[in-house]
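Descriptive analysis of the structure
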Amino acid sequence: MPHRRRTAVTAALLVASAAFAAGCDGIEIEIPAGSLPAPVSIAPIPSASAGQPEYVCTAVYKVLTEGAVRLAEHTVNNDAEGLKRTFADMAAQVSAAGDRSADAAQRTAAEGIADALTGASRQADPTVFLNGDFATIGQRLDGTCT
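Note that residues are indexed from 1 along each chain, following the sequence as it is written. With the structure being a predicted model, the display of local features is reserved for residues of pLDDT at least 70 and the display and counting of side-chain atom pairs for 80 or more, all residues being used for whole-chain, interface and lining totals. The side-chain values count all of the structure's non-hydrogen atoms but skip hydrogen atoms and water molecules.

**Looking at the state of the cysteines**
Throughout, a disulfide means two cysteine sulfur atoms within 2.5 Å of one another. Taken as a whole and judged by the stated rule, the model has one disulfide. The disulfide partner of Cys57 is Cys145, and the S-S distance across this bridge is 1.8 Å. Judged by the sign of its S-S torsion, about -85°, the bond between Cys57 and Cys145 is left-handed. Placement of Cys57 in helix 2 (residues 53-76) and of Cys145 in the segment after helix 5 (127-130) is noted, with a sequence separation of 88 residues between them. In terms of burial, Cys57 and Cys145 fall into one category: buried. Under the DSSP-based scheme used, a helix requires at least four consecutive residues in state H or I and a strand at least two consecutive residues in state E, with every element numbered from the N terminus. Between buried and exposed lies partly exposed: a residue is buried under 20% and exposed over 50% of the maximum accessible area for its type, with that area taken using a 1.4 Å probe on protein chains only.

Shown next as structure tokens:
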């Protein structure tokens, strides 16, 4: 393609793109209220409220959620030892988060969760806990997160 023709084609494309962009200037797109989910972050935000019940609940829920993802990987691979290690790691993290709570009832609930996770890490078949109590274990904190 000759150099002049390439330049003319490029210039024509630029003019067409500019015209198209200018024609789109007044277009509005309406999105119905409630059609988009609210953004959610389960990562606790470090602040002076680190020992407060809401912060501790968020930290524990984060451990449980991230742990569930790791547990799923071990379940797919039929890795019982991986399940046990993950439960033990989660127990340590939940216990550490609960220890920072300013609320005694919440510390007790978090310790109960940590004890259950520790028990699961010691079971011969940790999938029994995974398919049973693990689904509702986070509910033990309900009522302590205010």
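Next comes the rest of the description.
**A few points about the packing of helix 2 against helix 4 (residues 104-122)**
Relative to each other, helix 2 and helix 4 sit at 10°, their axes nearing to 11 Å. Classified by the angle between their axes, helix 2 and helix 4 sit roughly parallel to one another. In contact with Pro53, Val56, Cys57, Val60 and Leu64 of helix 2, helix 4 contributes Gln106, Ile113 and Leu117. In this count, Pro and Cys sit with the nonpolar residues alongside Ala, Val, Leu, Ile, Met, Phe, Trp and Tyr, while Asp, Glu, Lys and Arg are called charged and the others, Gly among them, polar. Tallied by class, residues from the contact of helix 2 with helix 4 come to seven nonpolar, one polar and no charged. Geometry is summarised by axes, namely lines fitted to C-alpha atoms with helices restricted to the contacting stretch, and by angles between N-to-C directions that run from 0 to 180 degrees. We call two directions roughly parallel when the angle between them is under 35 degrees, roughly antiparallel when it is over 145, roughly perpendicular when it lies between 65 and 115, and oblique otherwise. What makes two residues a contact is simply this: any of their non-hydrogen atoms within 4.5 Å.

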